[in-house]
Protein chains: 2
Amino acid sequence: MKHTIYVVGIGPGKQAGMTLEAQRVLEQCDCIVGYNTYIKLIENQFSHKELLMTGMKKEVDRCRLVLEKAREGKTTAIISSGDAGVYGMAGIMHEVAAECDDVDIVVVAGVTAACSGAALLGAPLVSDFCLISLSDLLTPWETIENRLDCAAAGDFVICLYNPSSKKRADYLQKACDIILRHQSAQTPAGVVHHIGREGETTEITTLGHLRKMQVDMFSTVFIGNSQTKILNGKLVTPRGYTV
Amino acid sequence: MKHTIYVVGIGPGKQAGMTLEAQRVLEQCDCIVGYNTYIKLIENQFSHKELLMTGMKKEVDRCRLVLEKAREGKTTAIISSGDAGVYGMAGIMHEVAAECDDVDIVVVAGVTAACSGAALLGAPLVSDFCLISLSDLLTPWETIENRLDCAAAGDFVICLYNPSSKKRADYLQKACDIILRHQSAQTPAGVVHHIGREGETTEITTLGHLRKMQVDMFSTVFIGNSQTKILNGKLVTPRGYTV
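Computed from a predicted structure; not experimentally measured. (Residues numbered from 1 in each chain as written. Chains lettered and ligands numbered in written order. Predicted model: local features only at pLDDT ≥ 70, side-chain atom pairs only at ≥ 80, totals over all residues. Heavy atoms only, no water.)

(A) Broad picture of the overall build of chain A. Helix and strand counts for chain A stand at eight helices and 13 strands. A compact globule built from 243 residues would reach a C-alpha radius of gyration of about 18 Å, and chain A, at 19 Å, matches this within 12%. For the C-alpha atoms alone, the extent of chain A along its principal axes is close to 55 × 35 × 35 Å. In chain A, which comprises 243 residues, the proportion classed as buried is 62%. In chain A, once contacts between residues fewer than 6 apart in sequence are set aside, the share between residues at least 24 apart is 68%. Split by element, the accessible area of chain A, about 9,400 Å² in all, is 46% carbon and sulfur. Charge-centre separation for chain A: the mean point of 24 positive side chains lies 4 Å from the mean point of 27 negative side chains. (Helix = DSSP H or I, 4+ residues; strand = E, 2+ residues; numbered from the N terminus. Rg over C-alpha atoms; globule rule 2.2 N^0.38 Å. Buried < 20%, exposed > 50% of the residue type's maximum accessible area, 1.4 Å probe, protein only. Contact = heavy atoms within 4.5 Å. Areas by Shrake-Rupley, 256 points an atom, 1.4 Å probe, with all protein chains shown as cover. Lys, Arg positive; Asp, Glu negative; His and termini not counted. Charge placed at Lys NZ, Arg CZ, Asp CG, Glu CD.)

Set out below in structure tokens:
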């Protein structure tokens, strides 16, 4: 008999951002595993479940724990905030279970921060866009630099995940400098902080100003393309309709 | 008094793919406006509402209808499948209402096809990716070609929306030829058809084979980057963890 492991994206944070399917799957589980912060987001709702937390950088251990629980016969889910398939646990869970023919993995999609953040700012991502993480823990910085350059050269709207941290205080500035090779300093941009959580804020700015801003790791950054504009205080990328 | 207009992404199609927030907002509405196909996806669930449909290419008219209904004092939503902020109605609704100071627009994010399709294929989008629509109805084909070239040069995973239609039967082939300038023909790729709807299918292939495939407008296409591989029949882009 095969064990099913669920990899569930819980959306931006508040319960209302979860899909009905994610909620139903978690309700059916015996055991839910996740990074501390994400388990805390759901613990009130699922306090009757076995909730297991592991810390940051413990992703592989977390997946092994899920495998172990599933093999004990428990219906088990591993959660990510946002969508588990976008910088989330879906990939690493597939890798850890790659040699296990007694396991099926079911990924339940969620709303990623690009989408939940864009909704708060207006409609910046209505046209072609790129998603780039500025974290160089797992991707060499040269690869990230090249992607920033290519994305700006292609006049994509750019959404940045993990735009900063204590050790990487100047990465957003470096990223803006690369994008400024191709886009004007007046290009509209936006920052959303703590999407769907307590302390949620939005700020609309320009690429030139963003370069000087300090943002933290709980922020998602949006940089428009050559067509993006500010309409009634919202960041909007027109798609080309004649209004 | 300001009228609130809701722009709601209903997810891939099946009701379970909708967020709790989207469901709650639609339940509170008097009137729901949308493209025929999308209204049909929700009409059983919301049959007691005033449901108004308009046809393809009537996006501006649809937004004007929403504005009219909201000004009649009705709580009104306009829906998109997937996420309303990704090739959906959020942008054009902001544009149509740009001069209206009696209206507030609230966008409710949903799960876009990139995320729901990726979940079915495995975890192709776990690293940096680009989303590109191959429809040249609103974007010049030269812009699309440049974006494909830049995305492949940046070694992004690429997700293609609107990969084909009757009038654009060879666009996917053209897109693959551009990506093949930078990526090998063996690059893993995937196609998801009718995500979350009747007749949902997935197919895993290679970039070289995708070039010869015929897909329709109800398909979403995924093309890996240089790291993407096939694990246990699933399309997975490793993020760089040591497993």
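(B) Main features of the relation of the copies chain B and chain A. Rotating chain B by 180° and translating it 0.0 Å along the rotation axis places it on chain A, where the RMSD comes to 0.0 Å. Between the two chains, the operation in question is that of a two-fold axis. Most of the interface of chain B is mirrored in chain A, where 100% of its interface residues are also at the interface. (Least-squares fit on C-alpha atoms with pLDDT ≥ 70 in both.)

(C) Looking closely at the sheet that holds strand β13 (residues 234–236) of chain A. Residues and elements named next belong to chain A. Ordered by their spatial adjacency, three strands build an open sheet running β6-β13-β12, and the pairing between neighbours is mixed. Looking at strand neighbours, the two that pair on one side only are β6 (122–123) and β12 (229–231), the edges of this open sheet. Bridge count between β12 and β13: three bridges; the pairing is antiparallel. Residue Leu231 lies in a different strand from β13, and its bridge partner there is Lys234. (Pairing = 2+ DSSP bridges.)

(D) Expanded view of the nonpolar core. Core analysis: the largest hydrophobic core is formed by 91 residues, its most contacted members being Val7(A), Met93(A), Leu131(A), Val7(B), Met93(B) and Leu131(B). Aside from chain neighbours lying at most four places away, what touches Met93(B) is Ile5(B), Val7(B), Cys63(B), Val66(B), Ile78(B) and Ile105(B). (Core = buried A, V, L, I, M, F, W, Y, C linked by side-chain atoms within 4.5 Å.)

(E) Geometry of the side chain of Thr187(B). Structurally, Thr187(B) can be placed in the loop between α7 (171–179) and β9 (188–193). In this structure the side chain of Thr187(B) is engaged in a polar contact, spanning 2.6 Å, whose partner is the backbone oxygen of Ser184(B). (Polar contact = N/O pair within 3.5 Å; in protein donor to acceptor, adjacent residues only side chain to side chain.)

(F) How the structure looks around the side chain of Arg62(B). Residues and elements named next belong to chain B. Note that Arg62 resides in helix α3 (residues 59–71). This buried residue, Arg62, is left without a salt bridge; Glu59 holds the nearest opposite charge, at 4.5 Å. Once residues lying within four places of it in the same chain are set aside, the contact partners of Arg62 are Val33, Gly34, Tyr35, Thr54, Gly55, Met56, Ile78 and Met89. (Salt bridge = Lys/Arg side-chain N within 4 Å of Asp/Glu carboxyl O.)

(G) Representation of the packing of helix α6 (residues 141–153) of chain A against helix α7 (residues 171–179) of chain A in the model. Residues and elements named next belong to chain A. In the contact formed by α6 and α7, the axes pass within 8 Å of each other and the chain directions differ by 40°. Accordingly, the angle class assigned to the pair α6 and α7 is oblique. Between α6 and α7 the crossing geometry is right-handed. Residues Trp141, Glu145, Leu148, Asp149 and Ala152 of α6 pack against Tyr171, Lys174, Ala175, Ile178 and Ile179 of α7. Residues that form the contact of α6 with α7 fall into these classes: seven nonpolar, no polar and three charged. (Axes fitted to C-alpha atoms, helices over the stretch in contact; angles between N-to-C directions. Parallel < 35°, antiparallel > 145°, perpendicular 65-115°, else oblique. Left-handed = near helix turned anticlockwise from the far one by under 90°. Nonpolar A, V, L, I, M, F, W, Y, C, P; charged D, E, K, R; others polar.)

(H) Here's a closer look at the packing of α6(A) against helix α6 (residues 141–153) of chain B. Two elements in contact, α6(A) and α6(B), have axes whose closest approach is 8 Å; the angle formed by their N-to-C orientations is 180°. One way to sum up the angle between α6(A) and α6(B) is to call them roughly antiparallel. When α6(A) is examined against α6(B), the residues Asn146(A), Cys150(A) and Ala153(A) are found in contact with a partner set consisting of Asn146(B), Cys150(B) and Ala153(B). Taken together, the residues of the contact of α6(A) with α6(B) break down into four nonpolar, two polar and no charged.

(I) Focus on the pairing of strand β7 (residues 129–133) of chain A. Of all five residues making up β7(A), five are buried, and the element is well covered by its neighbours. Relative to strand β8 (residues 157–161) of chain A, β7(A) runs parallel, the two sharing five bridges. The partner of Cys130(A) across the bridge, within β8(A), is Ile158(A). Chirality of the crossover, the property in question, places the unit of β7(A), α6(A) and β8(A) among those that are right-handed. Of the strand pairs in this sheet, β7(A) and strand β7 (residues 129–133) of chain B are connected by three bridges, and their pairing is antiparallel. Directly across from Leu131(A), in β7(B), lies its bridge partner Phe129(B). (Right-handed = clockwise from strand over helix to strand, strands pointing away.)

(J) Layout of the packing of aromatic side chains. Scanning the model with the defined rule gives six aromatic pairs over all chains in all. The interplanar angle of 80° and the centroid separation of 5.2 Å between the aromatic rings of Tyr35(A) and Tyr38(A) together place this pair among those described as edge-to-face. A relative accessible area of 21% means that Tyr38(A) is categorised as partly exposed. Here Trp141(A) and Tyr171(A) contribute two aromatic rings whose centre-to-centre distance is 4.4 Å and whose plane-to-plane angle is 40°, an arrangement assigned as tilted. Here the residue Trp141(A) occupies a position in helix α6, and Tyr171(A) occupies one in helix α7, the gap between them amounting to 30 residues. The same class applies to Trp141(A) and to Tyr171(A), which are both buried. Across from the ring centre of Phe156(B), 5.7 Å away, lies the NZ or CZ of Arg147(A), which sits over that ring. (Phe/Tyr/Trp six-rings, centres within 6.5 Å; stacked < 30°, edge-to-face > 60°. Lys NZ or Arg CZ within 6 Å of the ring centre and 35° of its normal.)

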